[in-house]
Amino acid sequence: MLTINVYLKIALIIVSMILGIWLTAAFGVWYGLWFIIISLGLLASYLLLGTVNSAAKFVQVSDFEGAEERLKLTLSPKLLYVTNRAIYYIMQGSIAMNKKDNALAEDLFQKALALKLPTDNEKAMVLLQLANINAMKNKWTAAKIYLNDAKKLKVSEGQIKEQIQQFDKAFSNRGQAKAAATMGRKGYRQMGGGGKRRRPKMR
């Protein structure tokens with residue numbers, strides 16, 4: 001897919017509009033009309049697509065600062081095409097996670113989840129992030145629900161499949177550890193630990 005550098009696109013919008021207006025005023029509508037149409041088309045593209053595609057390149061190399069600066073050039077996420085808006089919130093959520101702002105990250109991932117995500121891969125990724133955030137807050141029931149939702153999806157990306165398996169394994173190990181601790185406490189009580197000892201009868 002052909003993408004235009006965001007700075008070049010903004011420059012083309014401004015130049016085309018100015019040129020179109022000048023030609024229209026100087027020589028008539030037909031001379032400047034095409035430049036105005038080009039300018040409006042580029043403007044619509046900028047408003048509907050934002051800077052999500054160019055910001056994604058920064059995210060891919062873990063340059064979250066660069067991604068954040070590029071996303072700031074999006075005029076308004078509310079104007080974005082719904083799929084791009086979802087990806088915008090995912091990237092902003094990842095940036096918030098990188099800054100250790102889990103509350104903001106959770107809010108952004110929830111916004112993304114409520115929108116139309118391109119594939120089950122993106123949806124599973126968001127669910128795993130929400131599961132991870134809730135696990136860090138010791139909200140294990142909520143984390144398990146998000147994980148189970150992710151496991152139901154048709155994930156095609158190997159890395160995400162592996163992350164689901166690792167998360168599921170971590171939950172299993174946690175359950176085994178809790179069960180072992182519970183059995184240990186029961187065994188300790190059965191052996192007489194933790195209770196009052198009877199004094200031997202005095203003769």
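Now for a description of the structure that goes with this document.

Reading the values: the criteria
- Residues numbered from 1 in each chain as written.
- Predicted model: local features only at pLDDT ≥ 70, side-chain atom pairs only at ≥ 80, totals over all residues.
- Heavy atoms only, no water.
- Axes fitted to C-alpha atoms, helices over the stretch in contact; angles between N-to-C directions.
- Helix = DSSP H or I, 4+ residues; strand = E, 2+ residues; numbered from the N terminus.
- Parallel < 35°, antiparallel > 145°, perpendicular 65-115°, else oblique.
- Left-handed = near helix turned anticlockwise from the far one by under 90°.
- Contact = heavy atoms within 4.5 Å.
- Phe/Tyr/Trp six-rings, centres within 6.5 Å; stacked < 30°, edge-to-face > 60°.
- Buried < 20%, exposed > 50% of the residue type's maximum accessible area, 1.4 Å probe, protein only.

1. Observations regarding the packing of helix α5 (residues 82-98) against helix α7 (residues 120-136)
Inference 1: Interhelical geometry of α5 versus α7 gives an angle of 30 degrees and a closest axis separation of 12 Å. Taken as axis vectors, α5 and α7 run roughly parallel relative to one another. Viewed along their axes, α5 and α7 form a crossing whose handedness is left-handed. Mapping the contact onto sequence places Ile87, Ile90 and Met97 in α5 and Glu122, Met125, Val126, Gln129, Asn132, Ile133 and Met136 in α7.

2. Looking at the packing of aromatic side chains
Inference 1: In this structure the tally under the stated criterion is 3 aromatic pairs.
Inference 2: Judged by centre distance (5.8 Å) and plane angle (55 degrees), the rings of Phe27 and Tyr31 are tilted. Pair check on accessibility: Phe27 and Tyr31 agree, each one exposed.
Inference 3: Geometrically, the ring pair formed by Tyr88 and Tyr89 is edge-to-face, given 5.7 Å between the ring centres and 75 degrees between the ring planes.
Inference 4: Take Tyr89: its relative accessible area is 11%, and that puts it in the buried class.
Inference 5: Grouping aromatic residues by their ring pairs yields a cluster made of Trp22, Phe27 and Tyr31.

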